[in-house]
Structures are given as structure tokens and as C-alpha cells.
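Notes for the structure review
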Amino acid sequence: MDNREAGRYWNDVAEAWTALTRAGFDVFRDGLNTPAFFSTIPDLRGLKGADIGCGEGHNTRLLAEKGAQLQAIDISEIFISHAKATEMASPLGIQYQVASATALPFGEEQFDFATSFMCLMDMPDPELALLEAFRVLKPGGFLQFSITHPCFDNIARKSLRDEHGMIHAIQLGPYFQTVNGELFEWTFNDLTEEWKHRYQKFKVPYFNKTLTEWVNAIMAAGFAIEMINEPKATDEAVKKYPLLRDAQSFAYFMHFRCRK
Ligand SMILES: C[S@@+](CC[C@H](N)C(=O)[O-])C[C@H]1O[C@@H](n2cnc3c(N)ncnc32)[C@H](O)[C@@H]1O
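One structure accompanies this document, and this report is about it. Note that the structure is predicted; figures quoted are calculated from it, not measured.

Cut-offs and rules
Residues numbered from 1 in each chain as written. Predicted model: local features only at pLDDT ≥ 70, side-chain atom pairs only at ≥ 80, totals over all residues. Heavy atoms only, no water. Helix = DSSP H or I, 4+ residues; strand = E, 2+ residues; numbered from the N terminus. Rg over C-alpha atoms; globule rule 2.2 N^0.38 Å. Contact = heavy atoms within 4.5 Å. Lys, Arg positive; Asp, Glu negative; His and termini not counted. Charge placed at Lys NZ, Arg CZ, Asp CG, Glu CD. Near = heavy atom within 4 Å. Polar contact = N/O pair within 3.5 Å; in protein donor to acceptor, adjacent residues only side chain to side chain. Areas by Shrake-Rupley, 256 points an atom, 1.4 Å probe, with all protein chains shown as cover. Nonpolar A, V, L, I, M, F, W, Y, C, P; charged D, E, K, R; others polar. Axes fitted to C-alpha atoms, helices over the stretch in contact; angles between N-to-C directions. Buried < 20%, exposed > 50% of the residue type's maximum accessible area, 1.4 Å probe, protein only. Arc of directions from axis to C-beta. Pairing = 2+ DSSP bridges. Right-handed = clockwise from strand over helix to strand, strands pointing away. Salt bridge = Lys/Arg side-chain N within 4 Å of Asp/Glu carboxyl O.

**What to know about the overall build of the chain**
A count of helices and strands for the chain gives 8 helices and 11 strands. Taking 2.2 N^0.38 as the reference for a compact globule, 260 residues should give roughly 18 Å; the C-alpha atoms of the chain span a radius of gyration of 18 Å, in line with that estimate. Dimensions of the chain, computed from C-alpha atoms along their principal axes, come out at roughly 55 × 40 × 40 Å. Taking the contacts inside the chain whose residues are at least 6 apart along the sequence as the reference set, 74% of them involve residues at least 24 apart. For the chain, the separation between the mean place of its 26 positive charges and that of its 34 negative charges on side chains is 3 Å.

**Quick look at the site of the ligand**
Around the ligand lies a shell of 20 residues, among which Asn3, Gly53, Asp74, Ala101 and Phe117 are the nearest. One of the backbone nitrogen or oxygen atoms of Gly53 is found 2.6 Å away from a nitrogen atom of the ligand. Ile75 places a polar main-chain atom, nitrogen or oxygen, 3.3 Å from a nitrogen atom of the ligand. Considering the ligand on its own, with 590 Å² of exposed area, one finds that the protein chains cover 97% of that surface. Sorting elements by how many residues they give to the shell around the ligand places helix 1 (residues 3-22) first, with 3 residues. For the shell around the ligand, the per-class residue count stands at 12 nonpolar, 6 polar and 2 charged.

**Points about the packing of helix 1 against helix 4 (residues 77-89)**
Viewed as axis vectors pointing N to C, helix 1 and helix 4 meet at an angle of 40°, and their least axial separation amounts to 7 Å. Contacts from Trp10, Asn11, Ala14, Glu15, Trp17, Thr18 and Arg22 of helix 1 reach helix 4 at Glu77, Ile78, Phe79, His82 and Thr86.

**Regarding helix 7 (residues 211-220)**
For helix 7, the set of buried residues is Trp214, Ala217 and Ile218. One face of helix 7 carries all of its buried residues, which in axial projection span an arc of 100°. Projecting away from the buried face of helix 7 at angles above 90 degrees are the exposed residues Thr212 and Ala220. In this fold, the buried residues of helix 7 make contact with helix 5 (126-136), strand 5 (137-148), strand 10 (224-229) and strand 11 (253-259). The first or second residue beyond helix 7 is Gly222, which carries a positive phi of 115°.

**A look at the side chain of Ser146**
Along the polypeptide, Ser146 turns up in strand 5. Discounting residues that sit within four places of it in the chain, Ser146 has contacts with Asn33, Phe37, Ser116, Phe117, Met118, Cys119, Met254 and His255.

**Some details on the pairing of strand 1 (residues 48-52)**
Burial analysis of strand 1 places 4 of its 5 residues in the buried class, the great majority of the element. Strand direction decides the pairing type here: strand 1 and strand 2 (residues 69-74), joined by 5 bridges, are parallel. By the bridge assignment for strand 2, Ala50 is matched with Gln71. A crossover connection joins strand 1 to the parallel strand 2 through helix 3 (residues 58-65); in handedness this β-α-β unit is right-handed.

**What about the pattern of salt bridges?**
With the rule as written, the count across this model stands at 13 salt bridges. A salt bridge links Glu56 to Arg22; its shortest N-O distance comes to 2.7 Å. Separated by 34 residues along the polypeptide, Glu56 in the loop between strand 1 and helix 3 and Arg22 in helix 1 bring together distant segments of the chain. Where salt bridges share partners, they join Arg22, Arg29, Asp30, Glu56 and Arg61 into one cluster.

If you want it as C-alpha cells, here you go:
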């Protein structure tokens, strides 16, 4: 599967994704992944940044609220139209464009930093996207990105629970087997019947890389890795979002900060 075809699947789910995330159903993003990402990001005040694979712009807006000047791209026209509409309604100075992470519409050495939230594992060739991020960063600039955890996320993943519903193990399919765009259907947990009826499950392509492949791709692009993080849910977050209890046992996501 190539980028364009993968992008079409994302465009097809963009309407549902935007509505459900804005209704608060992405608790792994809101209670765990995004707070962890922002807890480690350097001071952004006055910096010029690119957000790669911005979706409807939720995290891009948070970056802008930290004082950065943002340009953001996504391969999906529908996501970008929602992001632009929100920018029109509540301007933060963000410029959005439809583009692929593998062919950024920016010149060389334009940005102090780049971010990518949960996007690079959703494409067939993240190696190219890493090279592109490197190209558009100024020397000394950084790329910070999040992905599903290469060791604990797996297309055949199953959570094994005890009689109290506590996760005690996860069952995984083969770690070294390459999955290249197999379609995977899922939706957010805890949707009410009304929401389930309103929107079909997301059907998006799944790609995988081992941890070694990710680290080697980052270094092959020219970056030095300066921070990694495997977000763990806090007790406070679990109190607010009980679904996050599983994320006190296993790492669902992995974050990297890489320096040019
Ligand atoms: C899991 S969503 C995350 C969206 C957003 N970053 C967020 O955190 O809310 C993955 C995003 O990657 C985008 N995407 C997939 N392939 C892409 C590509 N080649 N170039 C740019 N964006 C891409 C999808 O359209 C989608 O918006």
C-alpha cells in the first residue's frame, strides 16, 4: 500500500474521528499521550514549528498556545478542512495545508522544531518522513514525535484480564512479521449506543516496525536521539479516566525527541 492509498483511508474516517475526539472519547490521547508529550517538550515560546500529520489540529492548537508559530500538514483534506474551520473561528495564527509527510511543502532549514503526534506509524515509509523532517529543520532544531509502542502494539494484540478486569498480560502476534497496510477496524472505547450508531468503526491501514528499525531510521535520517519516553498513566489520570488503568501496566505509546 502506498501513501496516497493509506491517506484515502484516513480521509474516509476523518469526519468520525473529528466528531468523536472532539466529544472527548479519545481518553488515551487526552489523559495520557498528549499530557506526557507536553511534559517533556522544550520551551516553544517564539519558535517556528511544523506539525506533521496534524489531523483536525487538536495538538497543533496546544503547541500554538505554548507560544509557537505553527505550520501544519495532513494528508487528509477533510481533517485539514476541520482544522482550518477551527482556526477561522478561534485564530491562533496556524497555517494548515494538505500534504504528505513524505513530501513536505516547505523549504530547507525553515523550522526550529517539528512535531508529529501518532502519525508516523500510520504510513508505509516513515523513513522518508524522518528524512523530510530533518531537511526542513534548522541545524540544532528538534523533532519530537509519538507513535504506538513498537513492542506492545501489534495487530493481533489481545489484553488478558483477571476476574476483576485487571490486565495481567497481553497476547501479541509475531514481532518480526512485517505488516504492510493490512486493514484494521477499531473505534474508541466506551462509545454510547447513540455514537456507535452515528459513526462506523474506523477502518485504517496498519503498518509495523520493530524498535530497532525505528531507532535505526531516526539515526539514518541524521538525527541524534536525545529523549525517549514510554508514558505511564498517573493515579490522578486513572481516577478521571478509568480506562487508563491498563496504561499503568503496559506502555501503549513511545515518544522520541531527536536533534538535528
Ligand atoms: C492517529 S491520527 C493523529 C492525528 C493528530 N496528529 C492527532 O494527534 O490528533 C493519524 C494522522 O496521520 C495522518 N496521516 C497518515 N498518513 C499521512 C501522511 N503520509 N502524511 C501526512 N499525514 C498522514 C492521518 O490523516 C491522520 O490525521
